[in-house]
Amino acid sequence: MEFLIGFNKAFESKARLGIMSVLIVNETLSFNSLKELLDMTDGNLATHLRALEEQGYVSVKKQFVGRKPNTTYTATPAGRQAFTDHLNALEDFIRGSI
């Protein structure tokens, strides 16, 4: 299927598409901020973030703020490029089907 060239399977999921969209716009966000913005459960969000991290698209920083753990996520340069390429492929597909 030639029309699928350029589509990235990592972003097929609505959740992963949302995570990357939010991280592109916000640069860095905490787990709780992502959870609230995307209206996802802890487990579902963690699973999708882990998959994006394994692909090298998201970086994770764990630290303590006071005595509370704080985990933040950032889209990596590779993740930004892959996401941009994916969006461009979607746009090309839409333009080609009109």
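Residues numbered from 1 in each chain as written. Predicted model: local features only at pLDDT ≥ 70, side-chain atom pairs only at ≥ 80, totals over all residues. Heavy atoms only, no water.

J.: Can you lay out the packing of helix H1 (residues 14-26) against helix H3 (residues 42-54) for me, pointing to particular residues and giving the numbers?
T.: Remark: H1 packs on H3, axes separated minimally by 10 Å, with the N-to-C direction vectors making an angle of 70 degrees. It follows from the interaxial angle that H1 and H3 lie roughly perpendicular. Within the contact between the two elements, H1 uses Ala 15, Arg 16, Ile 19 and Met 20 and H3 uses Leu 45, His 48, Leu 49, Ala 51 and Leu 52. Counted by class, the contact of H1 with H3 contains 7 nonpolar, 1 polar and 1 charged residues. (Axes fitted to C-alpha atoms, helices over the stretch in contact; angles between N-to-C directions. Helix = DSSP H or I, 4+ residues; strand = E, 2+ residues; numbered from the N terminus. Parallel < 35°, antiparallel > 145°, perpendicular 65-115°, else oblique. Contact = heavy atoms within 4.5 Å. Nonpolar A, V, L, I, M, F, W, Y, C, P; charged D, E, K, R; others polar.)

J.: Quick rundown of the environment of Pro 77? Include the residues and the values.
T.: You can see Pro 77 is positioned in helix H4 (residues 77-96). Along the chain, Pro 77 and Ser 59 lie 18 residues apart, while their C-alpha atoms are 9.8 Å from each other.

J.: Tell me what's going on with unusual backbone geometry, and back it up with residues and numbers.
T.: One non-glycine residue with positive phi stands out, namely Glu 27, at about 65 degrees. Tracing the sequence through the fold places Glu 27 in the loop between H1 and strand S1 (28-30). A positive phi angle, close to 55 degrees, is found at Asp 39, a residue other than glycine. Its place among the elements puts Asp 39 in the loop between helix H2 (31-38) and H3.

J.: Can you explain the confidence of the model for the chain? Please cite residues and give values.
T.: Per-residue pLDDT for the chain averages 92, and the proportion of residues at 70 or more is 94%. Here H4 is the element of the chain with the lowest mean pLDDT, 92, and H3 is the one with the highest, 97. (pLDDT = per-residue confidence, 0-100.)

J.: Outline the side chain of Thr 72, listing residues and values.
T.: Turning to its location among the elements, Thr 72 is positioned in strand S3 (residues 68-75). With a relative accessible area of 13%, Thr 72 lands in the buried category. The contacts of Thr 72, once residues within four sequence positions are left out, are Thr 28, Leu 29, Ser 30, Ser 59, Val 60 and Lys 61. (Buried < 20%, exposed > 50% of the residue type's maximum accessible area, 1.4 Å probe, protein only.)

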